[in-house]
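Each chain, letter by letter, is given below.
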Amino acid sequence: MKNRWIFCRRSWITRISGKNDLTRRNPARGFYRVYTYDLTEQEAEEDWVWSLQTDERLALVLLDIGKCADRPLSEEELAKAARIFSFFRRHQRQMILRTVYDREGRGMEREPRRLELVCTHMRQLGPLFAQFASDIITVQGLFVGSWGEMHDSHFLEKASLLQLYHTLRETIGEKVCISVRKPQYQRMLAGSAGMVDTGLYDDAILGSDTDMGTFGWIDDCLDDQIMWTPRHELAFIQDQAARTLVGGEVLAGALTLSWEQVKDRMRLMQPTYLNRVHEPALWEQWSASFCEGAQENQLTRTDYIGAYLGYRYVLSDVEFSEPYRQLCITVYNEGFACCYDMLRMELIAGKKKLQVSFDGKTLAAGHGIRIPFSLEAVSCGQENRTVLPLSLALYHEKTGLPIYFANEFLESRTWERYRSNSSLSEGIVVGVLLTEKEATS
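Residues numbered from 1 in each chain as written. Predicted model: local features only at pLDDT ≥ 70, side-chain atom pairs only at ≥ 80, totals over all residues. Heavy atoms only, no water.

Brief notes about the environment of phenylalanine 215
Here's step 1: One can find phenylalanine 215 in the loop between strand E9 (199-205) and helix H7 (230-240).
Here's step 2: Taking the relative accessible area as the measure of exposure, phenylalanine 215 reaches 2% and is therefore buried.
Here's step 3: For the pair phenylalanine 215 and lysine 182, spaced 33 residues apart in sequence, the C-alpha to C-alpha distance is 7.4 Å.
Here's step 4: Apart from residues lying up to four places away in sequence, phenylalanine 215 is in contact with Pro183, Asp202, Asp209, Thr210, Met227, Trp228, Pro230, Glu233, Leu234, Ile237 and Arg265. (Helix = DSSP H or I, 4+ residues; strand = E, 2+ residues; numbered from the N terminus. Buried < 20%, exposed > 50% of the residue type's maximum accessible area, 1.4 Å probe, protein only. Contact = heavy atoms within 4.5 Å.)

This is the structure we're talking about:
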């Protein structure tokens, strides 16, 4: 007669100390700052290290090719781009890439006069983007406009945008997300079935009623080639965020709004990444202001935004089905957005490793997912042993990096007891299956 197994877990609590929150290490989400490189200048890599932020996984890597606006890139310049990408790979920073001809708001003066030269630069850099696809969260913009942000360019009409987009897509393949500045551009570049696969970067979140021109004033959703009113555009963003990446910059206009209004916008837009240093007055004030509410009042507003950007997973339940020897893990996503990559959950049961892969987009913000593991073939490893230790971990398949749950065990001895028996990294969840006799003794 089989023993009756019961799953017992130690109590857990959500981490509330922003500075010690392990979820800050999670890949493909979070705060970023800008790292700028002129591809025509010689630089030593040792000069790059000092500026890296130790508590950030993301970096906006800005490639300035403004001095090449009348010619193709040289082999030396392409080699420098490869060195830059390798540098961020070695330091485990995922890149938000933006290639620019201008950094002073003079896009129309400094970009190439011929669209074909922009396409040539895309064809030259595109293979590098593809080579480092696992290290790139998104490519922002289509090279043109002031600051590379698709402002003030000769090439913003639909025909030119389509040519630029398809050139870049053909050279980098399907594994790298391309993001544009307006929902209007997302609709212009939608595929034949009307499916939007481009991401969105809003560089003026809460800067004004229209996010400084990101939205428009025409209340006509039948014409998908124009800018709609903020209400319609935000509804469009909310709908597309289940499939496409959203990020950008928050402007100081947010300080005129209540904290609840700010959070409502974050929940609606579902941002995965935000610039941490743009608009310093905003971040200084938010870093000195604590959130209201029982669950948030020990977090500053900056820490709260940082904790909930992108996905934030909580192990909310573990259920063991005795008749089928099946363990069901329930994970809840309390972040602003989903993860847009494949994930892999690993369960160590005794000496056996069980794995389940799933698309992060299926675990939407504000939703949970149940993942079953069959323990039918799992044994304790020793006759008459009544305890089966279990260790659970989640991994981001694109980078191979662990994803930390926003849980913390109260009793560290439980962790230490099984840590030596597990090859998993820190941050895992530990439980134990007991027989009914041991559980009640």
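Regarding the pattern of salt bridges
Here's step 1: Applying the stated rule across the entire model yields 24 salt bridges.
Here's step 2: Among the salt bridges present, the one from arginine 98 reaches glutamate 149, with a minimum N-O distance of 3.2 Å. You can see arginine 98 sitting in strand E6 (residues 94-100) and its partner glutamate 149 sitting in the loop between strand E7 (136-140) and helix H5 (158-172), a full 51 residues away along the chain.
Here's step 3: On the accessibility criterion, arginine 98 (5% relative accessible area) is buried.
Here's step 4: In this structure glutamate 149 comes out as buried when scored by relative accessible area, which is 8%.
Here's step 5: One salt bridge connects glutamate 116 with arginine 123, and the closest N-O pair in it is separated by 2.8 Å.
Here's step 6: Its relative accessible area of 41% is what places arginine 123 among the partly exposed residues.
Here's step 7: Beyond isolated ion pairs, a larger network of salt bridges with shared partners links Asp102, Glu104, Arg106, Glu109 and Arg110. (Salt bridge = Lys/Arg side-chain N within 4 Å of Asp/Glu carboxyl O.)

A look at the confidence of the model for the protein chain
Here's step 1: Confidence in the prediction for the protein chain averages 85 pLDDT; 83% of positions are at 70 or higher.
Here's step 2: Within the model, pLDDT remains below 50 along residues 10-19, and this stretch shows 32 contacts once partners closer than five positions in the same chain are excluded.
Here's step 3: The model gives residues 409-427 a pLDDT under 50, and that stretch makes 37 contacts with residues more than four places away or in other chains. (pLDDT = per-residue confidence, 0-100.)

Topic: the sheet that holds strand E13 (residues 326-333)
Here's step 1: What the 3 strands build is an open sheet, ordered E12-E13-E16; its pairing is antiparallel. Each edge of the open sheet is held by one strand with a lone partner, namely strand E12 (313-321) and strand E16 (368-374). Between one strand axis and the next, the sheet turns by 20° as a mean value, whatever way the strands run.
Here's step 2: Pairing of E12 with E13 involves 8 bridges; the strand directions are antiparallel. Residue glutamate 319 lies in a different strand from E13, and its bridge partner there is cysteine 328. (Pairing = 2+ DSSP bridges. Axes fitted to C-alpha atoms, helices over the stretch in contact; angles between N-to-C directions.)

A short note on the pairing of strand E5 (residues 58-64)
Here's step 1: Counting buried positions over the 7 residues of E5 gives 7, a clear majority of the element.
Here's step 2: Of the two faces of E5, the one lined by Leu58, Leu60, Leu62 and Asp64 and the one lined by Ala59, Val61 and Leu63 are each fully buried.
Here's step 3: One ladder, built from 5 bridges, connects strand E4 (residues 34-38) with E5; its direction is parallel. In the sheet register, valine 34 faces E5, and the bridge partner there is leucine 60.
Here's step 4: Bridge count between E5 and E6: 7 bridges; the pairing is parallel. What sits directly across from alanine 59, in E6, is methionine 95.

Brief notes about unusual backbone geometry
With the exception of glycine, the majority of residues adopt a negative phi angle, and the majority of peptide bonds are in the trans configuration.
Here's step 1: In this model, methionine 150 sits at a positive phi of 65°, which is unusual for a non-glycine residue.
Here's step 2: Within the fold, methionine 150 resides in the loop between E7 and H5.
Here's step 3: Residue methionine 150 is classed as buried on the basis of its relative accessible area of 1%.
Here's step 4: Although it is not a glycine, aspartate 211 adopts a positive phi angle of roughly 50°.
Here's step 5: Along the polypeptide, aspartate 211 turns up in the loop between E9 and H7.
Here's step 6: Of the residues examined, aspartate 211 reaches a relative accessible area of 0% and is grouped as buried.

Details of the environment of glutamine 285
Here's step 1: Along the chain, glutamine 285 turns up in helix H9 (residues 280-287).
Here's step 2: The sequence separation of glutamine 285 and leucine 255 amounts to 30 residues, and the corresponding C-alpha distance is 8.5 Å.

Here's the deal with the sheet that holds E4
Here's step 1: The 9 strands are arranged E3-E11-E10-E9-E8-E7-E6-E5-E4 in an open sheet whose pairing can be described as parallel. Whereas interior strands pair on both sides, the edge strands pair on one side only; in this sheet they are strand E3 (30-32) and E4. Going across the sheet, the axis of each strand differs from the next one's by a mean of 25°, ignoring polarity.
Here's step 2: Examined bridge by bridge, E7 and strand E8 (residues 178-180) share 2 bridges and lie parallel to one another. When the sheet's bridge partners are listed, valine 139 is paired in E8 with isoleucine 178.
Here's step 3: Its contacts with the sheet place helix H2 (residues 75-90) against E4, E5 and E6, and it is angled at close to 175° to E5.
Here's step 4: Helix H4 (residues 115-131) contacts E5, E6 and E7 of the sheet and is inclined by roughly 175° relative to E6.

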